[in-house]
Amino acid sequence: MRKVNWGKKTFAAVMAVVTMFSTFDFVTYRSLHAAETEETASCSLNVENELAVTYDGKPFEFEGDIFTNPSLVEEYEVTYSEITNDGETEPTTTAPTDAGKYKVYISAKIKGENSPLNWSLPLTIKKADLIVKRDDQTKVFTGEKIEYDRVIEGVNGEVIPNKNVTVFYYGEHFETIKECRNVGTYQVFIVVKGLKNYNNYYCKTSDLPKLIITPYAPLLTINREYKPFYNGKERPFNTYTVKGVEGEPLNINNMNIEYYLDEACTIPAVGDDPHTAPSAFRSRCYVKLKYVGEEGGNYCDSNEEISRMVIKYEPKIVMPDAIVNYTGEKQIYPWDDSMIIRGDDRDNGLHLSVGYYKEYKNSNDNVPTGPEDGAKNPLGAPSKPGVYIVKVQYHESMNYNPKAFYGKLIIKDDEN
């Protein structure tokens, strides 16, 4: 062992050091520096070691303070990188929104530390569940393909692309239905898949929603006053139309037509069967009509309508063309009572009215037609040369129904 040679100078130096330490306050020094060491060491992350949230359509955010003692943090930065099949992307300060796996890097400058403290944590944004409304839906037959109105909602009302949604239809016994068109009840199976931020969705087969197509009520339109001509035979009511969707004519065999003597429709017009149409001259009755839908068919019963019906004679008038010469005076059609052909019962109360119209020629076939086809208001008796349509209106009477007849009045100009 090497010996130490203690000279006077050496001994004096040693004693000076001993004297210094004997007067230093070790308690105060230790307490001050111990406190500083504890605060620095206690500033750590105030988050879980593995972060996991569910997609909500918003950028990821930490909840509350990131650090256990934020007063010691002078500044900090958070960056994010995504973990993909190809590896980890370059970190960026933009917080992720979409579902996926990420790495979170936190760097903080702490009071009393020369170098920043760094942490890294895994972050998982899990896929959210979709909200799929599965109520039964009822729609009316349209003749076209009918689809279930799917209502699929993401978070914050996010629209789900149709390309990710598939709807299957099944019958009562789970047979596959290509398209829903006719009246019936269809089971609906909804599948949503392939979304980045949402879990795949499949309907539970034990509780499928239903698409119910109900029959269409056809529109029945009738003539409120039906006045058929007497011919000695039954005169069934036939002045009506019954139409389905988009005006489609329906089968008249489904029409129920009944004839009654009273407006309340309780006393059959003929015998005991209200379906028998009257045939007698001057028969008066009420007619009740309704289209009756077929069970399971695409059309249900129509509205019920009531009409009045009376059978009268059909008037007949023979109107040959009349040719007269121009005189400069008003000319009238040379009327003769023999032109009227009446029924078996002469009606002295007949009323006739006569109107004159300038000849109108149909653009399609160039054939002169009645005033309803294009002539203007009736003229008085004409005086100028030309061809005129004569309309004789046979007005309704006790025994006759109204009817219009047409003839020609030709005024010739002898100079031409």
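Parameters and conventions
- Residue positions are given per chain, counting from 1 as you read along its sequence in written order.
- Whole-chain, interface and lining totals are the exception, using all residues; otherwise, since this is a predicted model, local features are given only for residues with pLDDT of at least 70 and side-chain atom pairs are given and counted only at 80 or more.
- Based on all heavy atoms of the structure, the side-chain values leave hydrogens and waters out of the count.
- Counting from the N terminus, the helices are DSSP H or I runs at least four residues long and the strands are E runs at least two residues long.
- Only protein chains enter the calculation, and the probe is 1.4 Å; a residue is then buried if its accessible area is under 20% of its type maximum, exposed if over 50%, and partly exposed in between.
- Only heavy atoms matter for contacts: two residues are in contact if any of them lie within 4.5 Å across the pair.
- Method for areas: the Shrake-Rupley scheme with a 1.4 Å probe, in which residue coverage is limited to the protein chains shown.
- Between any two strands, at least two bridges found by DSSP are needed for them to pair.
- Classification of ring pairs rests on two measures: the distance between centres of Phe, Tyr or Trp rings, Trp counted by its six-membered ring, which must be within 6.5 Å, and the angle between planes, read as stacked under 30 degrees, edge-to-face over 60 and tilted in between.
- Lines are fitted to the C-alpha atoms to define the axes, a helix being fitted only along its stretch in contact, and any angle between axes, read from their N-to-C directions, falls within 0 to 180 degrees.
- A score from 0 to 100, pLDDT tells how confident the predictor is in each residue.
- Between Lys or Arg on one side and Asp or Glu on the other, a salt bridge is scored when a side-chain nitrogen of the former is within 4 Å of a carboxyl oxygen of the latter.
- Any two cysteine sulfur atoms lying within 2.5 Å of each other are counted as a disulfide.

**Some remarks on the overall build of the chain**
Turning to step 1, where the next piece is worked out: From N to C terminus, the chain includes 2 helices and 27 strands.
Turning to step 2, where the next piece is worked out: Looking at the 416 residues of the chain, the share that counts as buried comes to 33%.
Turning to step 3, where the next piece is worked out: Taking the contacts inside the chain whose residues are at least 6 apart along the sequence as the reference set, 60% of them involve residues at least 24 apart.
Turning to step 4, where the next piece is worked out: On the chain, roughly 26500 Å² of surface is accessible, and the fraction owed to carbon and sulfur atoms is 49%.

**Here's the deal with the sheet that holds strand β2 (residues 73-84)**
Turning to step 1, where the next piece is worked out: Pairing within the open sheet is mixed, and its 5 strands lie in the order β1-β5-β4-β2-β3. If you trace the sheet from one side to the other, it starts and ends with β1 (51-54) and β3 (87-88), each paired once.
Turning to step 2, where the next piece is worked out: Relative to strand β5 (residues 117-126), strand β4 (residues 100-110) runs antiparallel, the two sharing 9 bridges. If you follow Lys101 over to β5, its bridge partner there is Thr124.

**What to know about the pairing of β2**
Turning to step 1, where the next piece is worked out: Note that β2 and β4 share 9 bridges and pair antiparallel. Each bridged residue has a counterpart across the sheet, and for Tyr80 the counterpart in β4 is Val104.
Turning to step 2, where the next piece is worked out: When β2 meets β3, the two strands line up antiparallel, connected through 2 bridges. Bridge assignment links Thr84 to a residue of β3, and that residue is Gly87.

**Points about the packing of aromatic side chains**
Turning to step 1, where the next piece is worked out: Counting across every chain of the model gives 15 aromatic pairs.
Turning to step 2, where the next piece is worked out: Among the aromatic residues, those joined into a ring-pair cluster are Tyr230, Phe281, Tyr313, Tyr394 and Tyr400.

**Here's the deal with the sheet that holds strand β21 (residues 322-325)**
Turning to step 1, where the next piece is worked out: Read across the open sheet, the 4 strands follow the order β21-β27-β26-β23; overall the sheet is mixed. The open sheet terminates on both sides in strands that have one partner only, identified here as β21 and β23 (352-358). Averaged over all adjacent pairs, the angle separating strand axes in this sheet is 25°, with direction ignored.
Turning to step 2, where the next piece is worked out: Note that β21 and strand β27 (residues 403-412) share 4 bridges and pair parallel. Across the sheet, the residue bridging to Val324 is Ile411, located in β27.

**Digging into the confidence of the model for the chain**
Turning to step 1, where the next piece is worked out: In this model, the chain carries a mean pLDDT of 82, and residues with pLDDT of at least 70 account for 81%.
Turning to step 2, where the next piece is worked out: Summarising per-element confidence for the chain, the mean pLDDT is lowest in helix α2 (residues 26-42) (39) and highest in strand β7 (residues 137-140) (97).

**Focus: the side chain of Thr79**
Turning to step 1, where the next piece is worked out: Examined against the element boundaries, Thr79 turns out to sit in strand β2.
Turning to step 2, where the next piece is worked out: Residue contacts for Thr79: discarding those within four places in its chain leaves Pro91, Thr92, Thr93, Lys103, Val104 and Tyr105.

**So, the environment of Val318**
Turning to step 1, where the next piece is worked out: In this fold, Val318 is placed in the loop between β20 (316-317) and β21.
Turning to step 2, where the next piece is worked out: Each C-alpha atom of the pair Val318 and Ile340 lies 6.7 Å from the other, and the pair is 22 residues apart in sequence.

**Looking at the pattern of salt bridges**
Turning to step 1, where the next piece is worked out: Applying the stated criterion across every chain, the model contains 11 salt bridges.
Turning to step 2, where the next piece is worked out: Here Glu153 ties to Lys133 by a salt bridge, and the two come within 3.8 Å at their closest N and O atoms. Taken together, the positions of Glu153 in strand β8 (residues 151-153) and Lys133 in strand β6 (residues 131-133) put the pair 20 residues apart, joining distant regions of the chain.
Turning to step 3, where the next piece is worked out: Arg224 is the salt-bridge partner of Glu305, the closest N and O atoms lying 2.6 Å from each other. Separated by 81 residues along the polypeptide, Glu305 in strand β19 (residues 305-310) and Arg224 in the loop between β14 (219-222) and β15 (225-226) bring together distant segments of the chain.
Turning to step 4, where the next piece is worked out: Arg224 sits in the partly exposed class, given a relative accessible area of 45%.

**Regarding unusual backbone geometry**
Negative phi values dominate among residues other than glycine, just as trans dominates among peptide bonds.
Turning to step 1, where the next piece is worked out: With a phi close to 60°, Cys265 is a non-glycine residue in the positive phi region.
Turning to step 2, where the next piece is worked out: On the secondary structure map, Cys265 appears in the loop between β17 (255-260) and β18 (284-291).
Turning to step 3, where the next piece is worked out: Judged by relative accessible area, Cys265 falls into the buried class, the value being 11%.
Turning to step 4, where the next piece is worked out: Notably, Arg282 is not glycine yet its phi reads approximately 65°, a positive angle.
Turning to step 5, where the next piece is worked out: By secondary structure assignment, the location of Arg282 is in the loop between β17 and β18.

**Examining the state of the cysteines**
Turning to step 1, where the next piece is worked out: Following the criterion strictly, the structure yields 0 disulfides and no others.
Turning to step 2, where the next piece is worked out: With no disulfide of its own, Cys285 has Cys265 as its nearest cysteine by sulfur position, at a separation of 9.4 Å.

**Description of the environment of Thr93**
Turning to step 1, where the next piece is worked out: Tracing the chain through its elements places Thr93 in the loop between β3 and β4.
Turning to step 2, where the next piece is worked out: Relative accessible area serves as the criterion here: at 53%, Thr93 is assigned to the exposed category.
Turning to step 3, where the next piece is worked out: Residues within four places of Thr93 in sequence aside, it is in contact with Glu77, Val78, Thr79 and Tyr80.

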